[in-house]
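Overview (structure and organization)
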Amino acid sequence: MQKLLLLLCIIAGQISPQNGYFYSGKDYGSEALYNPLNLYLNGSYDIIQLEGHSRNIFKMPYAKSAKNVFDNLADPFTAINKFGWWDFISNELFPFQLTKKKAQWWPNYQLHLIGGGMTFTAIKEYYEYHKIPYPYVSSLFTVMGYHLLNEIVENKDHVGINVDPIADIYFFNIGGIILFSFDPVNEFFSRELNLADWSLQPSFTYPGFDLHNNGQYFSVKWFSPLSEKLGFFYYFGMNGLTGVTYKLNNEESLSFGAGLRAKELILVNEIGRQNSLNMVWNFGFFYDRNNSLMTSVFFSGLTDYFCNVNVYPGIIKIGNFSPGLWTVIQKNGKILFGLSTSYAPGIGIR
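Only a predicted model underlies this, so the values are computations on that prediction, with no experimental measurement involved.

1. Focus on the overall build of the protein chain
A count of helices and strands for the protein chain gives nine helices and 13 strands. Looking at the 350 residues of the protein chain, the share that counts as buried comes to 56%. Intrachain contacts of the protein chain at a sequence separation of at least 6 include 58% that bridge at least 24 residues.

2. Remarks on the side chain of S44
Within the secondary structure, S44 is located in helix α2 (residues 36-44). At 3.0 Å, the side chain of S44 forms a polar contact with the backbone oxygen of Y146. In this structure S44 touches L39, Y146, L149, N150 and V153, once residues within four positions along its chain are discounted.

3. Description of α2
Most of α2 is tucked away, with seven of its nine residues classed as buried. Along α2, the residues classified as buried are P36, N38, L39, L41, N42, G43 and S44. Tucked inside the fold, the buried residues of α2 contact α6 (105-129), α7 (135-155), β2 (203-206) and β3 (210-212). For α2, the side-chain oxygen to backbone nitrogen distance between the N-cap and L37 is 3.1 Å, and the N-cap itself is N35.

4. Remarks on the packing of aromatic side chains
Think of a pair of aromatic rings as described by two things: how far the centres are apart, and how the planes are tilted against each other in angle. Summed over the entire model, instances satisfying the criterion amount to 31 aromatic pairs. With centroids separated by 5.8 Å and ring planes inclined at 35°, the aromatic side chains of W198 and F286 adopt a geometry described as tilted. Separated by 88 residues along the polypeptide, W198 in the loop between β1 (196-197) and β2 and F286 in strand β8 (residues 274-289) bring together distant segments of the chain. The residues W198 and F286 share a single accessibility class, namely buried. When the ring of F256 is compared with that of F285, the centres are 5.1 Å apart and the planes differ by 40°; the resulting orientation is tilted. With F256 in strand β7 (residues 252-269) and F285 in strand β8, this pair connects stretches of sequence that are 29 residues apart. Its relative accessible area of 32% is what places F256 among the partly exposed residues. Residue F285 is classed as partly exposed on the basis of its relative accessible area of 40%. Of the aromatic side chains, those joined through ring pairs into one cluster are W198, Y217, F233, Y235, F286 and F298. Between the NZ or CZ atom of K247 and the centre of the ring of F223, over which it lies, the distance is 4.5 Å. If you follow R289 out to its NZ or CZ, it ends over the ring of Y28, 4.9 Å from the centre.

5. A closer look at a nonpolar patch on the surface
Taken together, the side chains of I315, I316, I318, F321, L325, L339, Y343 and I347 present a nonpolar region at the surface, about 760 Å² in accessible area. If you trace the backbone, I318 turns up in the loop between β10 (307-311) and β11 (324-329).

6. Observations concerning the pattern of salt bridges
Counted by the stated rule, this structure contains six salt bridges. Between E31 and K26 there is a salt bridge; the shortest N-O distance is 3.3 Å. Of the two residues, E31 and K26, both sit in the buried class. Between K124 and E128 there is a salt bridge, with the nearest N and O atoms lying 3.1 Å from each other. Pair noted here: K124 and E128 are both in helix α6, with a separation of four residues, about one helical turn. Classification of K124 as buried rests on a relative accessible area of 0%. On the basis of relative accessibility, which here comes to 25%, the residue E128 falls in the partly exposed class.

7. Comments concerning the pairing of β2
Looking at chain direction, β2 and β3 are connected through three bridges and run antiparallel. Directly across from S203, in β3, lies its bridge partner H212. The antiparallel hairpin formed by β2 and β3 contains three residues in its connecting segment, where G208 sits at a positive phi of about 100°. In the sheet, β2 pairs with strand β13 (residues 346-349) via four bridges, with the strands oriented parallel. Within β13, the position partnered with Y206 by the bridge is I349.

What counts as what
- Residues numbered from 1 in each chain as written.
- Predicted model: local features only at pLDDT ≥ 70, side-chain atom pairs only at ≥ 80, totals over all residues.
- Heavy atoms only, no water.
- Helix = DSSP H or I, 4+ residues; strand = E, 2+ residues; numbered from the N terminus.
- Buried < 20%, exposed > 50% of the residue type's maximum accessible area, 1.4 Å probe, protein only.
- Contact = heavy atoms within 4.5 Å.
- Polar contact = N/O pair within 3.5 Å; in protein donor to acceptor, adjacent residues only side chain to side chain.
- Phe/Tyr/Trp six-rings, centres within 6.5 Å; stacked < 30°, edge-to-face > 60°.
- Lys NZ or Arg CZ within 6 Å of the ring centre and 35° of its normal.
- Patch = residues over 30% accessible without salt bridge, like charges linked within 9 Å, V, L, I, M, F, W, Y side chains within 5 Å.
- Areas by Shrake-Rupley, 256 points an atom, 1.4 Å probe, with all protein chains shown as cover.
- Salt bridge = Lys/Arg side-chain N within 4 Å of Asp/Glu carboxyl O.
- Pairing = 2+ DSSP bridges.

Shape descriptors only; they carry no functional weight alone.
Shown next, in the form of structure tokens:
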């Protein structure tokens, strides 16, 4: 692992993407909340959005889970041999299996390769903008750190074979870092596809100090040569929404998407801890300014997050102070709401 990180440091230092592809210091919208701490709360704890997962991140079996993840990463061939090489390749790496129970490769390409690679460039640009020393190396360790914590949180208290972190870390996370170390790749995803991080506003709620309204999400807006105003829209993370986006002017856009989102994990193979997902309906409305999300409204088949509204900094202003606001309406009528700022994770009441 140490040699691998050293090699990635050399690659990151020699192939340096230009500034401003995915982060330019906007003080409004989702970009105003983009920082390493929120990245960890949104990305590393992404899975706690699924129903049945505890949102108390301070009572998780980190030591036990970390040992199991690193044991599998330290001896990947033994783990894959027990799981089965064909199952590993066809389920985790390549789209040879198209059934829901055997398509773990789908989120790997979306979240780990594309999302993780884009995050490597975005955090590097964040460090450059804020004049943090050694931005490339700092970004590398930040991104690999949040990926590893993500695997630890997902592992929970499982002890034994787990091939998921092997595929995620060694193939897709590292592959994303290398892929997005090249300017033409960043140029394509940034300028042509308008790829952006539209994650939620992570907040700790009272009582209980649980983490709510968190989740790592990305958006794509593509406009064909046939239309400069109406384009294709795709929003992905724990869900996949497909729809349309419409340019109101040179800065603002409205988007709509519908599709499915993950509700809960289903264990389909005890060997290798292979999981599938139970999916429910989902649709959302979005308003952004210069590709920085200003407002989002979701409705879904979830029990605890039936309706989720996020208003990002830049909409509501109190003098020079502009907070973000969010609310969650559950199917039983209970309501959660909170406030976020650019300076610290949000606070909420439930």
